[in-house]
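As a plain string of letters, each chain reads:
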Amino acid sequence: MELREFQVNVPARGTVHVEFHLHFEPHQTTVGEIKIHADYNCGIPHRVQLKKDGHTWKLYDDRPKMVNGEVKVIPEYLEDELSNTIVANILEIRDMAN
């Protein structure tokens, strides 16, 4: 397992710092939990996962929400430009590690 990290500069907004672990398994390299630290409200939760939706990798989060007085966990794929940039960078780093 190795810690990897990078930053994404968002013009006129700030910087997003991304940390994740690569897990080296016999036949593949996988990405562990992803931690997001931004110096502005980027809209991405602090902890997310990388999951495949169909044929596309996306950031994924289980968000608790109040529904009729009950807390329900709502799964959500993040598909904004910043999230897609983060996914592309993570996949590039993962592929270079193989």
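Shown above is the structure to which this text applies.
Residues numbered from 1 in each chain as written. Predicted model: local features only at pLDDT ≥ 70, side-chain atom pairs only at ≥ 80, totals over all residues. Heavy atoms only, no water.

K.L.:
Would you take a moment to explain the overall build of the protein for this structure?
P.N.:
A count of helical and extended segments in the protein gives one helix and six strands. Secondary structure elements in the protein, listed N-terminal to C-terminal, are β-β-β-β-β-β-α. Judged by the C-alpha coordinates and their principal axes, the protein covers about 45 × 35 × 25 Å. Among the 98 residues that make up the protein, the fraction classed as buried is 33%. Long-range contacts, defined as pairs at least 24 residues apart, comprise 33% of the intrachain contacts of the protein with a sequence gap of at least 6. As displayed, the protein offers around 6400 Å² of accessible surface, 47% of which is attributable to carbon and sulfur atoms. With 11 positive and 16 negative side-chain charges, the protein shows a separation of 4 Å between the mean positions of the two kinds. (Helix = DSSP H or I, 4+ residues; strand = E, 2+ residues; numbered from the N terminus. Buried < 20%, exposed > 50% of the residue type's maximum accessible area, 1.4 Å probe, protein only. Contact = heavy atoms within 4.5 Å. Areas by Shrake-Rupley, 256 points an atom, 1.4 Å probe, with all protein chains shown as cover. Lys, Arg positive; Asp, Glu negative; His and termini not counted. Charge placed at Lys NZ, Arg CZ, Asp CG, Glu CD.)

K.L.:
I tried to follow the sheet that holds strand β4 (residues 47-53) on my own but got confused; where do I start?
P.N.:
By definition, the strands of a sheet pair up through backbone hydrogen bonds, in either a parallel or an antiparallel sense. Pairing is antiparallel across the open sheet formed by six strands, whose spatial order is β1-β2-β3-β4-β5-β6. In this open sheet, the two edge strands, each paired with only one partner strand, are β1 (2-10) and β6 (70-78). Across the sheet, the mean angle from the axis of one strand to that of its neighbour is 35 degrees, orientation sign disregarded. Sheet strands in contact with helix α1 (residues 81-97) are β1, β2 (14-24), β3 (29-38), β4, β5 (56-67) and β6, and its direction is about 145 degrees off that of β1. (Pairing = 2+ DSSP bridges. Axes fitted to C-alpha atoms, helices over the stretch in contact; angles between N-to-C directions.)

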